[in-house]
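Below are the chains, spelled out letter by letter.
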Amino acid sequence: MKIQYKRIAELDYFNVIACLAVILIHVLGIGIAELDPKSFQMAVIYIPWRLSQFVVSAFLFSGAAKMSLSFNSSFELSYGKYVIERCRNILLPYMIFSVIYYVVFIKIGYIRGSFSELFSGIITGGISGHFYYIIVVMQFYLLRPVWKKIVYCIPWYISVLCAALFSFFTAKAGYVLQLFDINFIYTDKVFLLYIYFWIAGLYAGRYYERLYGSLKDNSRAVYASGVFVLICVFLAYIQFAYKIRIFELDNFKLITDTLSIFILLEVSIAINSKR
């Protein structure tokens, strides 16, 4: 049975704040690269810069939630029409801007330029650093029928646990491959690295009313979880500034990003409630 697609206003606030965080990351990037790591100024900008590093996970979570909310709705397109729509609205602009970036890079002498390099850059998202997100998210979009099947056929706790394991071990795949003298440099372009956040978003959309109620009822606990995130950020700064290794903080990224996503969603719900 087809149902009416429900627009979730707080997810719009969620995406707006995440977009501002992306801008913040790029603005502060110059300081991160040039300031003295041990300086007070570095500490001031490093903390918000590091706190914002969850935004890619957040965008995937939000995109998956919206996809899940559209399943079986009256606005759901056939798979063929859906792929065409995604290609027209996302892939085509990406290719156009990739060419524009490439031409500019040739003009300023950043690269020599060749068709094979341009083609490779478009396929891998390597022309500019932030383009990799398009490559990742398109992989998720193309697998839409798979996600729908998973959401309606597999219990959430099984899917989320399996996805977490896939993401964790994909993150370590590069190290393992190097043991066999295989240098695979595209780990961050493979959707399996981010599948945990996508799967979590799918089930968030599937059971959004329950998630919404749980966040509203446990808002203090959600905000309190930010203490763990802040501790990890502080440790990251200490390791960055003093070149010491206390913990392998990347092992906690699934946890800190998840907590950050829930905190941001809680903030977005609070903003929407006060409209």
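We now turn to the structure provided with this report. Worth saying up front: this structure is predicted, and the values here are computed from it rather than measured.

**A short note on the pattern of salt bridges**
Side-chain pairs of opposite charge can arise whenever the charged atoms involved come near each other.
And step 1. Scanning all chains against the criterion turns up 5 salt bridges.
And step 2. A salt bridge links Arg-86 to Glu-85; its shortest N-O distance comes to 2.7 Å. Of the two residues, Arg-86 and Glu-85, both sit in the buried class.
And step 3. With its nearest N and O atoms 3.6 Å apart, the salt bridge here joins Lys-189 to Asp-188.
And step 4. Classification of Lys-189 by relative accessible area gives buried; the value is 15%.

**A word on unusual backbone geometry**
And step 1. For Lys-243, which is not glycine, the phi dihedral falls at a positive 55°.
And step 2. Within the element layout of this structure, Lys-243 appears in the loop between α12 (226-242) and α13 (253-273).
And step 3. Using a relative accessible area of 63% as the deciding quantity, one classes Lys-243 as exposed.

**Some points on the nonpolar core**
And step 1. With 58 residues, the main nonpolar core has Phe-140, Trp-147, Trp-198, Ile-199, Leu-202 and Leu-265 as its most contacted residues.
And step 2. Ranked by the residues each element gives to this core, the list is headed by helix α9 (residues 195-206), at 9 residues.
And step 3. Not counting chain neighbours up to four residues away, the residues in contact with Trp-147 comprise Met-67, Phe-71, Phe-140, Phe-191, Ile-195, Trp-198, Ile-199 and Leu-202.
And step 4. Membership of the second largest hydrophobic core comes to 18 residues, among which are Ala-21, Trp-49, Ala-241 and Leu-249.

**Focus on helix α7 (residues 144-153)**
And step 1. Buried within α7 we find Arg-144, Trp-147, Ile-150 and Val-151. Viewed along the axis of α7, the buried residues span an arc of 125°, placing them on a single side of the element. Along α7, exposed side chains directed more than 90 degrees from the buried face belong to Lys-149 and Cys-153.
And step 2. Elements in contact with the buried residues of α7: α3 (55-70), α4 (79-107), α6 (132-142), α8 (156-178) and α9.

Analysis parameters
- Residues numbered from 1 in each chain as written.
- Predicted model: local features only at pLDDT ≥ 70, side-chain atom pairs only at ≥ 80, totals over all residues.
- Heavy atoms only, no water.
- Salt bridge = Lys/Arg side-chain N within 4 Å of Asp/Glu carboxyl O.
- Buried < 20%, exposed > 50% of the residue type's maximum accessible area, 1.4 Å probe, protein only.
- Helix = DSSP H or I, 4+ residues; strand = E, 2+ residues; numbered from the N terminus.
- Core = buried A, V, L, I, M, F, W, Y, C linked by side-chain atoms within 4.5 Å.
- Contact = heavy atoms within 4.5 Å.
- Arc of directions from axis to C-beta.

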